[in-house]
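Residue-level listing of the chains:
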Amino acid sequence: MFLTNFEFPRLIVILNDESSRIKIQKKILSLSTPDYHSYLKPKIKHFVHRKPEYMSILVVGSVAYDGIETPFGKVDRILGGSATYISLTASYFQKPMNLVGVVGNDFSDEDIQRFKDKEIDIDGLQIDESGKTFFWKGRYHFDLNNRDTLDTQLNVFEHFNPVIPEKYRNSKIICLGNIAPALQGKVLDQVNNPDLVILDTMNFWIEGDREELMRTLNRVDVLIINDSEARELSGEPNLVKASDKIRNMGPKILIIKKGEHGALLFTNSSIFSAPAYPIIDIFDPTGAGDTFLGGFAGWLGRSGDLSDDNFRRAVIYGSAMASFCVEKFGPERLFDLTPTEIADRYTEFRALSAIPLQSDKSF
Ligand code: AMP
């Protein structure tokens, strides 16, 4: 049996049912390698004999430079953009990641290298020498739940025409970051029968390009939006009723992010409520939503499993990755994570909402 650095902590996560978690973790720590194999073998038979069926992932969205102000500090220019956060995050789950976007003549070689270091395939990243990279600047309020956009310079993004390289066209999971719905549709025109299409959008498109958004929504499987966007899109204040309306627009799976209050997953058969992580060191929420998407898609791609149960796990991986993202400015935290940190945080998330069984089931 061979376990990679990533799979070992992940194995602990998989074995992490409420009754045996502590016992197994203690046992693993105390075992020598041969014992470890024999002790775990019966428990992991299913896991080790099942080759991970990776589903390749394509990410399309903005690649940007951001200026960010929060109550805790300020950066004038830092790598950003929806596709940046999604691909960096998903790269922890699966390599290589396929990225399509556009940058301008000011995009630095160091930032190109940062993608390469994470084994993100950037053959689909267009470099448009005619102008500068998309720039966005935002300032967060004291509670960090609200932000004001101070500046948006589209630059080369204004004429972005997503061209999907031939080698990406059979990608199994398509992540459509927050860009114009018509461009998201253009991406879907170029890919061959993906297994899952995930879409992110925002109020700007819900208000300003509703018709096109409706056309694109009809072609996607999973929509990820926040609670105010869900209310606006459906015209329904109650989120459960809103989910029915939105799921009738096309996506059969809906995830509603509720910022620091967790997330809701609606599928055909159930509703799942993911907890929020009580983070102590929150510096900058920029990119948390995209990071959520990256963790969600990354886990699905890595596990190759599109069952309802696995969507729940994916929501927890998304939440766990987003909780890391906010610990530093911009995407910085997404460069130095370890597999063990990810597995541990996933475990913490599970523990946050584990309800102990009671032997006496009466009320
Ligand atoms: P989030 O905090 O998840 O909403 O994502 C923040 C990222 O979205 C930043 O890095 C911005 O560069 C990017 N962004 C902001 N406005 C837009 C826009 N209109 N289109 C595409 N990306 C944007």
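No experiment lies behind these values; they were computed from the predicted model shown.

J.: Quick question: what am I supposed to make of unusual backbone geometry here?
T.: With glycine set apart, most residues show a phi of negative sign, and most peptide bonds adopt trans. Between Lys-95 and Pro-96 the backbone carries a cis peptide bond, its omega angle lying at -10°. The residue Pro-96 is located in the loop between helix H4 (82–90) and strand E4 (97–104) in this model. Backbone geometry places Asn-155, a non-glycine residue, at a positive phi of 50°. Relative to the helices and strands, Asn-155 resides in the loop between strand E7 (147–153) and strand E8 (173–176). Positive phi outside glycine occurs at Asn-193, with the angle close to 45°.

J.: Any chance you could explain the site of the ligand here in plain terms?
T.: Taken together, 15 residues lie around the ligand, and Ser-62, Ala-64, Gly-80, Trp-136 and Gly-289 are the ones closest in. For the shell around the ligand, the elements supplying multiple residues, two or more each, are strand E2 (64–70) and helix H11 (288–303). At three residues, the largest contribution of residues to the shell around the ligand is made by H11. Of the residues contributing to the shell around the ligand, the split by class is four nonpolar, nine polar and two charged.

J.: How should the sheet that holds E7 be read in this particular structure?
T.: Sheet strands associate in pairs through backbone hydrogen bonding, adopting either a parallel or an antiparallel arrangement. Strand order in the open sheet made by the four strands is E3-E2-E6-E7, with mixed pairing throughout. The strands lining the two open edges of the sheet, one partner per strand, are strand E3 (73–80) and E7. When strand polarity is set aside, the average angle formed by the axes of neighbouring strands in this sheet is 15°. Bridge count for strand E6 (residues 134–140) against E7 is six bridges, and the pairing is antiparallel. In the sheet register, Lys-137 faces E7, and the bridge partner there is Asp-151.

J.: How should I be thinking about the nonpolar core in this particular structure?
T.: Residues Val-59, Cys-175 and Ile-198 are the most contacted members of the largest nonpolar core, which totals 87 residues. Ranked by the residues each element gives to this core, the list is headed by helix H12 (residues 308–325), at 10 residues. Excluding its chain neighbours within four sequence positions, the residues that come into contact with Val-59 are Ala-83, Ile-86, Ser-87, Ala-90, Met-97, Asn-98, Leu-99, Cys-175 and Gly-177.

J.: Where do I start with the packing of H4 against H11 in this structure?
T.: Working note: a packed helix pair is described by the angle between its axes plus the distance between those axes. Two elements in contact, H4 and H11, have axes whose closest approach is 7 Å; the angle formed by their N-to-C orientations is 40°. Crossing of H4 over H11 shows right-handed handedness. On H11, the residues touching Ser-82, Tyr-85, Ile-86, Ser-87, Leu-88, Thr-89 and Ala-90 of H4 are Asp-290, Thr-291, Leu-293, Gly-294, Gly-295, Ala-297, Gly-298 and Gly-301. Of the residues belonging to the contact of H4 with H11, the class tally is six nonpolar, eight polar and one charged.

J.: Just checking my understanding: could you explain the environment of Asp-209 for this structure?
T.: Here Asp-209 shows up in the loop between helix H7 (203–208) and helix H8 (210–217). In this view, Asp-209 contacts Ala-180 and Pro-181; residues no more than four positions away in its chain are not counted.

J.: Just checking my understanding: could you explain the confidence of the model for the chain for this structure?
T.: Low pLDDT marks regions whose predicted coordinates should not be analysed in detail. Chain-level statistics for the chain give a pLDDT mean of 87 and a share of 85% at 70 or above. Between residues 1–10, whose pLDDT stays under 50, and residues either more than four places distant or in other chains, the model counts 10 contacts. Long-range and interchain partners of residues 41–51, a stretch whose pLDDT sits below 50, account for five contacts in this model, where long-range means more than four residues apart.

J.: Just to check I follow, could you spell out the sheet that holds strand E12 (residues 263–266) for this structure?
T.: An order of E5-E4-E1-E8-E9-E10-E11-E12-E13 is seen for the nine strands of this open sheet, with the pairing classed as mixed. Taken across any chain shown, the strands that pair with only one partner, and hence form the sheet edges, are strand E5 (120–128) and strand E13 (271–274). Averaged over all adjacent pairs, the angle separating strand axes in this sheet is 15°, with direction ignored. Bridging between strand E1 (residues 57–60) and E8 involves four bridges; their strand directions are parallel. Counted as the bridge partner of Leu-58 is Ile-174 from E8. Along the sheet, H4 contacts E1, E4, E5, E8 and strand E9 (196–200); its crossing angle with E1, the most-contacted strand, is approximately 160°. The strands that helix H9 (residues 227–234) touches are strand E10 (222–226) and strand E11 (253–257); relative to E10, the one it contacts most, it runs at about 110°.

J.: For this particular structure, what's the right way to read helix H6 (residues 181–190)?
T.: An α-helical turn contains 3.6 residues, so a residue and the one three or four places further along point in the same direction. Within H6 the residues assigned to the buried category are Pro-181, Gln-184 and Val-187. Taken end-on, H6 shows its buried residues confined to a sector of 110°, consistent with a single buried face.

J.: What is the right way to look at the pairing of E9 in this model?
T.: Sheet faces and side chains relate simply in a regular strand, where the side chains alternate between the two faces. With five of five residues buried, E9 is to be regarded as a mostly interior element. On E9, burial covers both faces: Leu-196, Ile-198 and Asp-200 on one face and Val-197 and Leu-199 on the other are all buried. Across four bridges, E8 lies against E9 in parallel orientation. Paired with Leu-176 across the strands is Leu-199, a residue of E9. Direction of pairing for E9 relative to E10: parallel, over a ladder of three bridges. What sits directly across from Leu-199, in E10, is Leu-223.

J.: Quick question: what am I supposed to make of the environment of Ser-171 here?
T.: Mapping Ser-171 onto the fold places it in the loop between E7 and E8. Taking the C-alpha atoms as reference, Ser-171 lies 7.4 Å from Val-191; in sequence the two are 20 residues apart. In contact with Ser-171, other than residues within four places in its own chain, are Ser-56, Ile-57, Leu-58, Asn-98, Val-191 and Pro-194.

Calculation notes
Residues numbered from 1 in each chain as written. Predicted model: local features only at pLDDT ≥ 70, side-chain atom pairs only at ≥ 80, totals over all residues. Helix = DSSP H or I, 4+ residues; strand = E, 2+ residues; numbered from the N terminus. Near = placed C-beta within 6 Å. Nonpolar A, V, L, I, M, F, W, Y, C, P; charged D, E, K, R; others polar. Pairing = 2+ DSSP bridges. Axes fitted to C-alpha atoms, helices over the stretch in contact; angles between N-to-C directions. Core = buried A, V, L, I, M, F, W, Y, C linked by C-beta atoms within 7 Å. Buried ≥ 20, exposed ≤ 12 C-beta atoms within 10 Å, placed from the backbone. Contact = placed C-beta atoms within 7 Å. Left-handed = near helix turned anticlockwise from the far one by under 90°. pLDDT = per-residue confidence, 0-100. Arc of directions from axis to C-beta.

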